[in-house]
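# Descriptive structure summary
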Amino acid sequence: MLPASSPVPAAQPVLDAKESAKQVMFDQMWTRLRADPLLEELNVQAYGADYPYDVQFFSSCTRTTLDLTLAGLQVTPSSVLIDLGCGMGGPGQWIARESGAYLVGIDLSQVAVEAAAAAATSYLQPGQFDYRCATITATGHPDSSADGLMSIDALPMAADRAAALKEVRRILRPGARAVFTCAEWHGDAPLPHPRMATKWAPLIAEAGLLLVDQFIDNGKQARQLRKYELWLEHQTELEQRFGPTGRSLIEEARMGPGLLTPNYRALLLTVQRPDIDQ
Ligand SMILES: C[S@@+](CC[C@H](N)C(=O)[O-])C[C@H]1O[C@@H](n2cnc3c(N)ncnc32)[C@H](O)[C@@H]1O
């Protein structure tokens, strides 16, 4: 039987020092974001026609991201769908509403899961969702119990990406799919950050998953650069209204363009747990 919807997540995850610091940072970010529409307004300008209206998010999620995720997952009303690193929950809620799947949202930030659970009450059917505070590498979800898993701009944030993919494989039932966004660095230009050295296909294979589809998001650079320009144009408001979060967004807007060169490849990957374990 599916668990009953609960807007108050139960147990707190056990976190190491780095994860605790990250939790504080994301709690601050989501506290500001839930209360202030400025970043959402800037996103609308940056994304243009591909802006996913009616979806609460803070990521590179677009309407195209949602359509591709829905098509890749192949979930149905009898499916249990996990949204890993769900944030305020919009992308997972959109997929759950379109497909009828039962949604389990998981995030490190207590503030995010509370906001997501509150939004879900008016977006989804009663009893169609559950939100939990847990981590990407220790979801607390039972083995082989998820019929689909999505993660928009979150899975690569796990300190140990190989462990994150192994956790995905553990909780997917055989034959089920996961769709997640990530990035790779291609060409000879020096890596802008050691984490950009990750090549996802070998990690996916090592975790015992099959790579079934790869979408290269060629529009991401332009959208992201436009977003950074807008953040810099609104620097004073962002710093005043968003405090430490605003300052870190301005830092990202200054550093980010160095990453978004032609060597940067934004990806949306669809993977599958094999029907028969190999
Ligand atoms: C960029 S936001 C994306 C949120 C959401 N997927 C969206 O599209 O709006 C990344 C989210 O991942 C969560 N996160 C980061 N590291 C995490 C971890 N190790 N375990 C669980 N959640 C994590 C953050 O709290 C944040 O809500």
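Structural notes, computed from the coordinates. For clarity, every value in this text was computed on a predicted model and none was experimentally measured.

## Brief notes about the site of the ligand
The immediate surroundings of the ligand are formed by 20 residues, with Trp-30, Phe-58, Ser-59, Gly-85 and Asp-107 found nearest. Contact between the ligand and Gly-85: a nitrogen atom at 2.8 Å from a main-chain N or O atom of the residue. Relative to its unbound accessible area of 600 Å², the ligand is 97% covered by the protein chains. Broken down by element, the residue count for the shell around the ligand peaks at three residues, all from helix H1 (residues 17–35). When grouped by side-chain class, the residues that make up the shell around the ligand number 12 nonpolar, five polar and three charged.

## Things to note about the nonpolar core
Core analysis: the biggest nonpolar cluster contains 54 residues, and Trp-30, Tyr-131, Trp-231 and Leu-238 have the highest contact counts within it. The leading source of residues in this core is helix H5 (residues 110–123), at eight residues. Formed by 31 residues, the second largest nonpolar core is a distinct cluster that contains Ala-134, Ile-136, Leu-149 and Ala-207.

## A word on unusual backbone geometry
For Ser-144, which is not glycine, the phi dihedral falls at a positive 50°. Positionally, Ser-144 belongs in the loop between strand E3 (129–133) and strand E4 (146–151). Judged by its relative accessible area of 34%, Ser-144 falls in the partly exposed class. Positive phi values are uncommon outside glycine, yet Asp-153 reaches one of about 55°. Along the chain, Asp-153 turns up in the loop between E4 and helix H6 (161–171).

## A word on the packing of helix H8 (residues 220–233) against helix H9 (residues 235–259)
With their axes 9 Å apart at the nearest point, H8 and H9 run at an angle of 140° to one another. Comparing their axes, H9 and H8 come out oblique. For the element pair H8 and H9, the recorded crossing hand is left-handed. Along the contact surface, H8 presents Gln-224, Leu-225, Tyr-228, Trp-231, Leu-232 and Glu-233, while H9 presents Gln-235, Leu-238, Leu-249, Ile-250, Glu-252, Ala-253, Arg-254, Gly-256 and Pro-257. In the contact of H8 with H9, the residues fall into nine nonpolar, three polar and three charged.

## Some thoughts on the pairing of strand E1 (residues 80–84)
The buried fraction of E1 amounts to five of the five residues, a majority that puts the element mostly inside the structure. On E1, burial covers both faces: Val-80, Ile-82 and Leu-84 on one face and Leu-81 and Asp-83 on the other are all buried. One ladder, built from five bridges, connects E1 with strand E2 (residues 102–107); its direction is parallel. Bridging from a neighbouring strand, Ile-82 pairs with Val-104 of E2. Across three bridges, the pairing between E1 and E4 is parallel. Note that in E4 the partner of Asp-83 across the bridge is Met-150.

Reading guide: rules and limits
- Residues numbered from 1 in each chain as written.
- Predicted model: local features only at pLDDT ≥ 70, side-chain atom pairs only at ≥ 80, totals over all residues.
- Heavy atoms only, no water.
- Near = heavy atom within 4 Å.
- Polar contact = N/O pair within 3.5 Å; in protein donor to acceptor, adjacent residues only side chain to side chain.
- Areas by Shrake-Rupley, 256 points an atom, 1.4 Å probe, with all protein chains shown as cover.
- Helix = DSSP H or I, 4+ residues; strand = E, 2+ residues; numbered from the N terminus.
- Nonpolar A, V, L, I, M, F, W, Y, C, P; charged D, E, K, R; others polar.
- Core = buried A, V, L, I, M, F, W, Y, C linked by side-chain atoms within 4.5 Å.
- Buried < 20%, exposed > 50% of the residue type's maximum accessible area, 1.4 Å probe, protein only.
- Axes fitted to C-alpha atoms, helices over the stretch in contact; angles between N-to-C directions.
- Parallel < 35°, antiparallel > 145°, perpendicular 65-115°, else oblique.
- Left-handed = near helix turned anticlockwise from the far one by under 90°.
- Contact = heavy atoms within 4.5 Å.
- Pairing = 2+ DSSP bridges.

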